[in-house]
Every structure is written in C-alpha cells, then in structure tokens.
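Fold and geometry: a report
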Amino acid sequence: MRNPVGPLPSSIYWRRRAVLASVVALLALLAVWTVSSGGGRSSTNGKGGDKGPKPVTSITPGPAGTGPAISQAPGGRVESGGGAGKNGEPGGTPGTGSASDGGTGSGGSGGTGGTPPQVPADSPLPTCAPGGLQWEVKSVKNEYETSEKPRLELVARNVSGTTCKVDLGPRQAVLTILQASTSKAVWSSADCPSGAGNAFFRVPAQGETKQSLEWDRKFSAPDQCQTPPAGAAAPDTYVVEVKSPGMPVARTSFVLKQD
C-alpha cells in the first residue's frame, strides 16, 4: 500500500490516490449536507416545506335527525257538516231537524235528519248537472246493538268547477232501506213526507254537502201515513239505496244485531 507497484513512478500513484480520496470526501460532504438541510427541515410559520402529500383530514358525520323526514302527516283534511269548498269557500253547516216537520230531504216518518241550510228553489245558482255530481251513502257503523238507532249519511259531491245547488228533497233523492233476507223495502224517505217534495242545497265547486239520517227502526208505507205499520225492524242485514233521476244508484249496508 505504501510502496505502489507499477511501471510508473510512485509519485503518480500517490497523486491518483489523493484525487480519489478527495472525490470520496466531497461526495460524503454533499450527502451529509443534503440530509441535514432538506429532509429534516420543518416549518415554524405555518408554511410547510414538505412537497409530499399531506395526511387526509378525517370527516365526521353531522348530527343525525331526531324526527321523520316527512313532517306532514299523511292523510288529507277532515271535513264535517257540509264539507269545505274550493279555495276556502265555506260549505254547508250541519243542522238537525225532524223528517216529519221540515220536509228537508229525510222524508217519511221514523227518520231524523241533519242537513245544511237550504237555498230557495229560484236561487240564481244553477242546478247541479247529473254529470257533475257524485252520490255516496254511508252507514256510520257496520253493526248496531239492539239499543242503537242506525245512522246514515248521504253525501253529494260537486265534481264540476262551478258552485251549484242540488235537490235533496225526499221525492228527488229517495233513500230506501230494504231487508236483505226478503228484499222488501221497510222504510223510504218518499213515504208520507211532510212539506215540500223538493229541498235545494248549495254545493261549492269541488266541494260536497252532507245530509245525516237516524232511523228509529220503524216501518213506513206510502198508503199508511196516518197509521204507520206496526212493529220494528228485526235483527238482519239491511241494504240502503239512494236513487235520483239521472244518477246511478248508491248503496251501502248495515247489520242489526241480536241480543
């Protein structure tokens, strides 16, 4: 090592060794400088010196809702009496009156009706066209105990865009109760009505009017107005029909239960 062997003078070999050692030392210094000045430097003023990707900030979910997404209760509006008219128009308000003293559509003896206020027959309101009306008859309950009187509702809906008047008189909107086992009519609003046979009521556009009836289970007959048939309806199923000229027949049923 100390005495180089070769054809050249030893001084040349020593110079080569010195140059090589200088290059190695310089490379070592450069490596140390690079590590100390670049890789380990950190920021002290909020501006990071790193060029690499930054860590991903975690995202936490927001607070969960405490109620249903839809707050409006389904189901639509509850109407009573004469119903609600279009765009807030008031419908008829319910009333009560005897079928034998008012002639307001409940008709013959044995029925007590609730009706909205009447309008005169010569009212400027147009008469509802059959094509613009829908009928529905309903029983408040499906079954009635022996101590209960059946309660019925006649609903006339105006499906047109014009307010009009409808005739719910006992001879125009005829409500009949039939015993299902015999198909025999036991009561009719057209039997022995007192007062006028016509009774007009205002029906708002896209609204309805409702007439209620309570049947006392007694019979009626057109030719026995002074002395109605004796007895009362027996336990059975009964069919209710409503007929009016130009309108389809509306039906429902109920049961009078045994003791």
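Further up the page is the structure itself.
So, here is what we can say about the structure in this document. (Residues numbered from 1 in each chain as written. Predicted model: local features only at pLDDT ≥ 70, side-chain atom pairs only at ≥ 80, totals over all residues. Heavy atoms only, no water.)

Considerations on the pairing of strand β9 (residues 184-188)
Each regular strand carries side chains that alternate between the two faces of the sheet. Here four bridges tie strand β8 (residues 174-179) to β9, and the two strands are oriented antiparallel to one another. From the neighbouring strand, T176 faces β9, where its bridge partner is S188. Counted between consecutive antiparallel strands, the loop separating β8 from β9 contains four residues, among which S183 sits at a positive phi close to 60°. (Pairing = 2+ DSSP bridges. Helix = DSSP H or I, 4+ residues; strand = E, 2+ residues; numbered from the N terminus.)

A word on the pattern of salt bridges
Under the defined criterion, the tally for this structure stands at eight salt bridges. In this structure, E145 engages K257 in a salt bridge whose closest nitrogen and oxygen atoms are separated by 3.2 Å. Of this pair, E145 sits in the loop between β5 (143-144) and β6 (151-158) while K257 sits in the segment after β13 (250-256), placing them 112 residues apart in sequence. Since its relative accessible area comes to 27%, K257 is described here as partly exposed. K243 serves as the salt-bridge partner of E241, at 4.0 Å between the closest nitrogen and oxygen. (Salt bridge = Lys/Arg side-chain N within 4 Å of Asp/Glu carboxyl O. Buried < 20%, exposed > 50% of the residue type's maximum accessible area, 1.4 Å probe, protein only.)

Here's the deal with the nonpolar core
By size, the foremost hydrophobic cluster in this structure holds 29 residues, and its most contacted members are W135, L175, I177, W215, Y238 and F254. Those residues in contact with L175, other than ones at most four positions away along the chain, are V137, L152, W187, S188, S189, L213, V240, E241 and V242. (Core = buried A, V, L, I, M, F, W, Y, C linked by side-chain atoms within 4.5 Å. Contact = heavy atoms within 4.5 Å.)

Things to note about the environment of V166
Along the chain, V166 turns up in strand β7 (residues 164-167). A C-alpha to C-alpha distance of 6.5 Å links V166 and R202, two positions 36 residues apart in sequence. Apart from residues lying up to four places away in sequence, V166 is in contact with C128, L133, A199, F200, F201, V203 and T209.

Details of the sheet that holds strand β12 (residues 236-243)
Pairing within the open sheet is mixed, and its five strands lie in the order β5-β13-β12-β8-β9. Looking at the sheet topology across the chains shown, the edges are occupied by β5 and β9.

Considering the side chain of K165
Locating K165 in the fold gives a position in strand β7. Buried charge K165 goes without a salt bridge, the closest partner of opposite sign being D122 at 7.7 Å. (Lys, Arg positive; Asp, Glu negative; His and termini not counted.)

Describing unusual backbone geometry
For S183, which is not glycine, the phi torsion reads 60° and is therefore positive. By the secondary structure assignment, S183 is in the loop between β8 and β9. The exposure class assigned to S183 is exposed, which follows from its relative accessible area of 58%. One non-glycine residue with positive phi stands out, namely Q206, at about 60°. Mapped onto the elements, Q206 comes out in the loop between β10 (200-203) and β11 (208-215).

Here's the deal with the packing of aromatic side chains
What the rule picks out here adds up to four aromatic pairs. Between W215 and Y238, the ring centres sit 5.9 Å apart and the planes meet at 65°, which makes this aromatic pair edge-to-face. Remark: Y238 occurs in strand β12 and W215 occurs in strand β11; sequence separation between them is 23 residues. Taken individually, W215 and Y238 each receive the classification buried, so the pair is uniform in this respect. Aromatic side chains W215 and F254 sit 6.3 Å apart centroid to centroid with 65° between the ring planes, which places their arrangement in the edge-to-face category. Here W215 is found in strand β11, whereas its partner F254 is found in strand β13, with 39 residues between them in sequence. A relative accessible area of 0% places W215 in the buried class. Residue placement shows K165 over the ring face of F200; its charged tip is 5.8 Å from the ring centre. (Phe/Tyr/Trp six-rings, centres within 6.5 Å; stacked < 30°, edge-to-face > 60°. Lys NZ or Arg CZ within 6 Å of the ring centre and 35° of its normal.)

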